[in-house]
Amino acid sequence: MKRFLLFLLFLPLTTQAQLPEVLPLDTILARVERVHPRLRQYDAQAKAADAYAAGARVWMAPRVGAGPFMVPYSANRRGEDMGMQSGGSVMVMAEQGLPNRARQRANESYLRSQANVDRETRAYTRNQLRADVKQNYYDWLMLQKKLHVLEKTERLMEFALRSIELRYKYGGEKLSDAYRAQAALQLHHVEEMELEGQLKERRANLNTLLVRDPQTLFYIDTTYHLRALDRSLDTTELAQARSDVRALDQSLVRNQLQQQLERTAARPEFAVQAQHMQGLGSMPNQYTVLGTMSVPFVPWASRQYKANVAGMQLEAQALREQRADLLIQAAGKVEALNARRRAQYEQVLLYKENVLPAVLKSYRATLLAYEQNTETFSAVLQAWETLRNTRLAAVDQEQQLLQLQVEFEREQEQ
């Protein structure tokens, strides 16, 4: 008995702990940015570029060697004339290349520039993921709103059905009208089932973006406000706001650094070599110290790096043209989206302030006339369908406005 009472005592706490969590939009966006593997991929790539750059200023590995030096092939002739120094030597050699500091600095800057490109690419991917989250979130929100509309409209039809059944009982209504009402109500339920399926699809999409089981149950915060219409950014502001434009800017910087690195190939490289010969027999010990220098600026050797620099300059021109085209397309799309948002916002207000109140009054007037036996049930059914469809159309208008808002924010990376 005591165990049963303890079970009843802790049952409400257990039930409350197992309730699905409610996630507002900001929480989902923050979690996606933290856990999505596509974003972590670019983080790793940027760190890898920094790691490569950290080893750009190291010295080249030294070279060592050993072996016989000037040893005669015939060993018997060594004893023919002991006065001749013909025994040869054993040589030990060490060589060290001297780093070209200008080339190392250019290579380090070039390698680090890749990290900046990866970070801007990550920002672009982040913006796309945020837009996907917002789209699915707002779609879920509007689907819930449609289900609420259907629920309210269903209660109106159930009230009309009770009225029909009462009238039919006393011979004041046709049986066919009751069947028509039942059929309309069943079609209403079919539409509810379709909306619930779409809602589950949006939940699965959000769970996928959150990198977890698509069947994880959770709810969203249903409180929201339509944003005020923002102004469109000009070309200069778009260039600063859009990560894909900034990525092209970083690619241009990387191209310039690559040109600088390639130009350092015209500078000579130096090396120092030391050799020690340990004499055999009567051969004295000897040594050699040698400094070497490459000559890359001769005509037959300079063609390659000159051609590489010319090709990189053409690539830089292509990047600048791509950047200009991207800004032109983005500015035009943003302005077009803003114009559509203004028109859509006016339609939403029109439905809210004029269309919906008028249709609701028409339905109430038709229902009142039916109760006073001055109107048929067919008129009531038609008014009910008009009210339901108008309410759903109003939600569709609001959903289109939210979709335009998501696209507008995607283009301006808000």
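On a predicted model such as this, the values are computed, not experimentally measured, just so you know.

Q: Just checking my understanding: could you explain the packing of aromatic side chains for this structure?
A: Where two aromatic rings form a pair, the distance of their centres and the angle of their planes describe that pair. A full pass over the atoms with the stated rule returns two aromatic pairs. Summarising the aromatic geometry, the rings of tyrosine 137 and tyrosine 138 are spaced 6.2 Å apart at their centres and angled 80° between planes, so their arrangement reads as edge-to-face. Tyrosine 138 gets classed as buried once you look at its relative accessible area, which sits at 11%. Above the plane of the ring of phenylalanine 218 lies arginine 212, whose end atom (NZ or CZ) is 5.0 Å from the centre. Positioned above the aromatic ring of phenylalanine 408 is the side chain of arginine 341, whose terminal nitrogen or guanidinium carbon lies 4.3 Å from the ring centre.

Q: Could you clarify how one ought to interpret the confidence of the model for the protein in this entry?
A: In low-pLDDT segments, the atomic positions of the prediction should not be examined closely. Here the protein averages 84 in pLDDT, and 88% of its residues register 70 or above. Ranking the elements of the protein by mean pLDDT puts helix H1 (residues 2-17) last, at 43, and helix H2 (residues 25-35) first, at 92.

Q: Please clarify how unusual backbone geometry should be interpreted in this entry.
A: Backbone geometry follows two general trends: most residues other than glycine have a negative phi, and most peptide bonds adopt the trans configuration. The phi dihedral of methionine 70 is positive, around 55°, even though this residue is not glycine. Assignment of secondary structure puts methionine 70 in the loop between strand S2 (63-69) and strand S3 (89-98). Take methionine 70: its relative accessible area is 61%, and that puts it in the exposed class. The backbone of valine 211 shows a phi angle near 60°, a positive value even though the residue is not glycine. With respect to the helices, strands and loops of the structure, valine 211 is situated in the loop between helix H5 (175-209) and strand S4 (219-220). Valine 211 gets classed as partly exposed once you look at its relative accessible area, which sits at 45%.

Q: Help me understand the sheet that holds S2, please; the structure alone is not making it clear to me.
A: By definition, the strands of a sheet pair up through backbone hydrogen bonds, in either a parallel or an antiparallel sense. Spatially, S2-S3-S5-S6 is the arrangement adopted by the four strands of the open sheet, whose pairing is antiparallel. Strand pairing shows two members of the sheet lacking a second neighbour, S2 and strand S6 (286-293), which therefore form its edges. The average angle at which neighbouring strand axes cross in this sheet is 15°, direction not considered. Looking at chain direction, S3 and strand S5 (residues 270-279) are connected through ten bridges and run antiparallel. Bridging from a neighbouring strand, serine 89 pairs with glycine 279 of S5.

Q: Would you mind going over the side chain of glutamine 344 with me for this structure?
A: Among the secondary structure elements, glutamine 344 is positioned in helix H8 (residues 299-371). Ignoring any residue separated from it by four or fewer positions in sequence, one finds glutamine 344 in contact with Gln397, Gln400, Leu401 and Leu404.

Q: What should I look at first to understand the pairing of S5 in this one?
A: Side chains Ala271, Gln273, Gln275, Met277 and Gly279 of S5 all project onto a buried face; the interleaved residues Phe270, Val272, Ala274, His276 and Gln278 project onto a face where none is buried. The sheet contact formed by S5 and S6 spans eight bridges and is antiparallel. Paired with alanine 274 across the bridge in S6 is valine 289. Joining the antiparallel neighbours S5 and S6 is a turn of six residues, in which glycine 281 adopts a positive phi near 65°.

Q: Got a minute to help me understand the UniProt feature "coiled-coil region" (unreviewed entry) in the protein in this structure?
A: UniProt marks residues 302-329 and 387-414 with the feature "coiled-coil region" (unreviewed entry), using the numbering shown here. With 100% helix and 0% strand, residues 302-329 has its two end C-alpha atoms placed 41 Å apart. Span residues 387-414 is 93% helix and 0% strand, its end C-alpha atoms 37 Å apart.

Q: Can you walk me through the nonpolar core in this structure?
A: One recurring pattern in soluble globular proteins is that nonpolar side chains are buried together. Membership of the largest hydrophobic core comes to 29 residues, with the highest contact counts inside it found for Ile28, Val32, Val133, Tyr138, Leu206 and Phe218. If you list the elements that add at least two residues to this core, you get H2, helix H4 (101-169), H5 and helix H9 (377-412). Among the elements that make up this core, the one with the highest residue count is H4 (twelve residues). Contact partners of valine 133, with chain neighbours within four places excluded, come to Leu25, Ile28, Leu29, Val32, Leu206 and Leu209. The next biggest cluster of nonpolar side chains, apart from the first, holds 16 residues, and it includes Ala184, Leu367, Val380 and Leu381.

Q: Explanation requested: a nonpolar patch on the surface in the structure shown.
A: A contiguous nonpolar patch, built from Trp59, Leu98, Phe270, Val272, Tyr287, Val289, Met293, Val295 and Phe297 and spanning about 930 Å² of accessible area, is present on the exposed surface. Secondary structure elements with two or more residues in the nonpolar patch: S5 and S6. Within the element layout of this structure, phenylalanine 297 appears in the loop between S6 and H8. The class for phenylalanine 297 is partly exposed, based on a relative accessible area of 48%.

Quick notes on the rules
Residues numbered from 1 in each chain as written. Predicted model: local features only at pLDDT ≥ 70, side-chain atom pairs only at ≥ 80, totals over all residues. Heavy atoms only, no water. Phe/Tyr/Trp six-rings, centres within 6.5 Å; stacked < 30°, edge-to-face > 60°. Buried < 20%, exposed > 50% of the residue type's maximum accessible area, 1.4 Å probe, protein only. Lys NZ or Arg CZ within 6 Å of the ring centre and 35° of its normal. pLDDT = per-residue confidence, 0-100. Helix = DSSP H or I, 4+ residues; strand = E, 2+ residues; numbered from the N terminus. Pairing = 2+ DSSP bridges. Axes fitted to C-alpha atoms, helices over the stretch in contact; angles between N-to-C directions. Contact = heavy atoms within 4.5 Å. UniProt positions renumbered as here; feature names shortened; annotations may be inferred. Core = buried A, V, L, I, M, F, W, Y, C linked by side-chain atoms within 4.5 Å. Patch = residues over 30% accessible without salt bridge, like charges linked within 9 Å, V, L, I, M, F, W, Y side chains within 5 Å. Areas by Shrake-Rupley, 256 points an atom, 1.4 Å probe, with all protein chains shown as cover. Salt bridge = Lys/Arg side-chain N within 4 Å of Asp/Glu carboxyl O.

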